[in-house]
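Chain residues, written in single-letter form:
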Amino acid sequence: MISIPRCTDRFVSHAHAIGAATLVAMLSVAATPANGQGLNNSSKNDDKTGNGDFVVGPEYTIDPDLTDRGNPKGKSFEFKMRLADSKIFRGDDLTLDPKKKVRTHRRIFVYVPASYRDGTPAPFVVMHDGPNRMDLVRNALDNLTIADDPARRLPAFVVIAVENGGDDSYGSQRGLEYDTMSDRLARFIDEEVLPAVVNHADIKKTFPQFALTQDPWGRAAMGCSSGGAAALTMGWFRPDLFRRLITYSGTFVDQQDHDAPEEADYPLGAWEYHSGMKLIENSEKKPLRIFTHVAENDLRNQDSEETYHNWVMANRRTAAALKAKGYDYRFVFSRASKHCERKVFEATLADTLVWMWQDYEPK
C-alpha cells in the first residue's frame, strides 16, 4: 500500500481494487527533455494538504463514487442560448475562419443535486464542452454530498455544463472562446450564462428561490484540452469571479488564433503561462486552487520545444511553476493513457473534486 494522507486523497483507499501499482506520488518533477519523459518518481508524498504531483496507471478502475449507487437523484435541466443574442460571443468575430462552422445555439445543461436546499446561494462548477463527463460529476454529487466521511464529503454544488460555440483549433468559435488569453470567457459565463441559469423558468418553477453564490471561492471551472486551458484562463484573468480550477490534458500550448488582438500581449498564447513570458512564475500569486493533469501519450508528446505544442511538456512545466510559486495545486500524470481519455476521469475525478472543494466553507 502506498502511503498518502487518508484525509486528502482517496486514490490509495481504492488500491485494493485498482492495484498497488496504480498510484505513485512524485516528490518532484525532473527537468523536461523534448520527449516529455524524465518524471522523478517516489513512493510517498507527505504533504498533508493533498497538494503535489502524482502518477496514476497503467491500470485503471472506475471509482465507485462515480457510479450510480442508488442514492437520491437531483434535478436536470437543459436549455439553449442563441449566439446572435450574446454581447460577447456572437459567432461573428473577425478572427473566425469562414470555413469553420459556428453553432447558431449553444446548449446549457444544469444539474441541481438532491442535497441542495432552495434559497441557499449554491456553489457551482462550470464545465466546458458540456455535457462531456457530466454523468460522472452527477454521480459524484449523488454519492458524496451525503458521504459518511466528512473528509470525503462534497458541498452541494450545482453543475452548469456549457456547450462550446463550434468546431476546433485556429479560426474556430471554440478556439476563440477557450484558447484566447483574456477575461472574455469569464465575463461571458458571469454576465450571460449565470443569469440565464438563475432566471430560467423551469429552474425557477422547481426552485422558486434558486440562487448561485457570488463568493469566488464557491465558483469553479473545469474542462479538458482547450476547455482545460479555458478553466485556468477564467481564473487567471478573473480571480475575483472564479478560483477553483480543474484542467485535464490542458492546452497550455500556442493555440491562440494568430489574428487575435491578444497576440500583441501574449504572442505564444497559453504557452506563456509556463514558458516564454512565464506568467505563473513572474506574476504576483493569485488566490487560486488549481488541478492539472496530462497523459503519458498526450498530444504531440514527441514535439520539440520550438513547436510550442508539446502537451506533456506544457503541463509538466505548468505544474512545476505552480509548485514553485506556492499555489495550492495538484498535478496528475496518467500512464498508458491518451488525450482526455475517459478511463483517467473514471479513476481520478471523484478524488479531484474532493481535493478541489476540501477547504470550502459557504459564506
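Structure first, text after, so check above.
The structure contained in this document is the topic of the report that follows. Treat the numbers as computed from the prediction; the structure is a model and nothing was measured. (Residues numbered from 1 in each chain as written. Predicted model: local features only at pLDDT ≥ 70, side-chain atom pairs only at ≥ 80, totals over all residues. Heavy atoms only, no water.)

### A word on helix α9 (residues 342-357)
Then step 1. For α9, spanning 16 residues, the distance from its first C-alpha to its last is 22 Å, which sits close to the expected 22 Å at 1.5 Å a residue.
Then step 2. The axis of α9 is deflected most strongly, by about 50 degrees, at Thr348.
Then step 3. Across the 16 residues of α9, 13 count as buried, placing the element largely inside the fold. (Helix = DSSP H or I, 4+ residues; strand = E, 2+ residues; numbered from the N terminus. Expected span 1.5 Å × (residues − 1). Bend = angle between axes of the 7 residues up to and from the residue. Buried < 20%, exposed > 50% of the residue type's maximum accessible area, 1.4 Å probe, protein only.)

### Some thoughts on the pairing of strand β9 (residues 219-224)
Then step 1. Along β9, six of the six residues are buried, which leaves the element largely enclosed by surrounding structure.
Then step 2. Neither face of β9 is left uncovered, since the one carrying Arg219, Ala221 and Gly223 and the one carrying Ala220, Met222 and Cys224 both have all their residues buried.
Then step 3. Bridge count for β9 against strand β10 (residues 244-248) is five bridges, and the pairing is parallel. Counted as the bridge partner of Cys224 is Tyr248 from β10.
Then step 4. As for the winding sense of the linkage, the β-α-β connection from β9 through helix α6 (residues 226-237) to β10 is right-handed. (Pairing = 2+ DSSP bridges. Right-handed = clockwise from strand over helix to strand, strands pointing away.)

### Structural notes on the nonpolar core
Then step 1. Core analysis: the largest hydrophobic core is formed by 64 residues, its most contacted members being Ile160, Ile189 and Val197.
Then step 2. Here Val197 is in contact with Phe79, Ile108, Val110, Ile160, Ile203, Phe210 and Leu212, once residues within four sequence places are set aside.
Then step 3. If you look at the next biggest cluster of nonpolar residues, it comprises 38 residues, including Phe109, Leu349, Trp357 and Tyr360. (Core = buried A, V, L, I, M, F, W, Y, C linked by side-chain atoms within 4.5 Å. Contact = heavy atoms within 4.5 Å.)

### Remarks on the pairing of strand β11 (residues 289-297)
Along any regular strand, the residues point their side chains to alternate faces of the sheet.
Then step 1. Summarising burial for β11: seven of the nine residues are buried, a large majority.
Then step 2. In the sheet, β10 pairs with β11 via five bridges, with the strands oriented parallel. Across the sheet, residue Tyr248 finds its bridge partner in β11, namely His293.
Then step 3. Examined bridge by bridge, β11 and strand β12 (residues 328-338) share eight bridges and lie parallel to one another. Across the sheet, residue His293 finds its bridge partner in β12, namely Val332.
Then step 4. Tracing the backbone out of β11, into helix α8 (residues 311-325) and back to the parallel element β12 gives a crossover that is right-handed.

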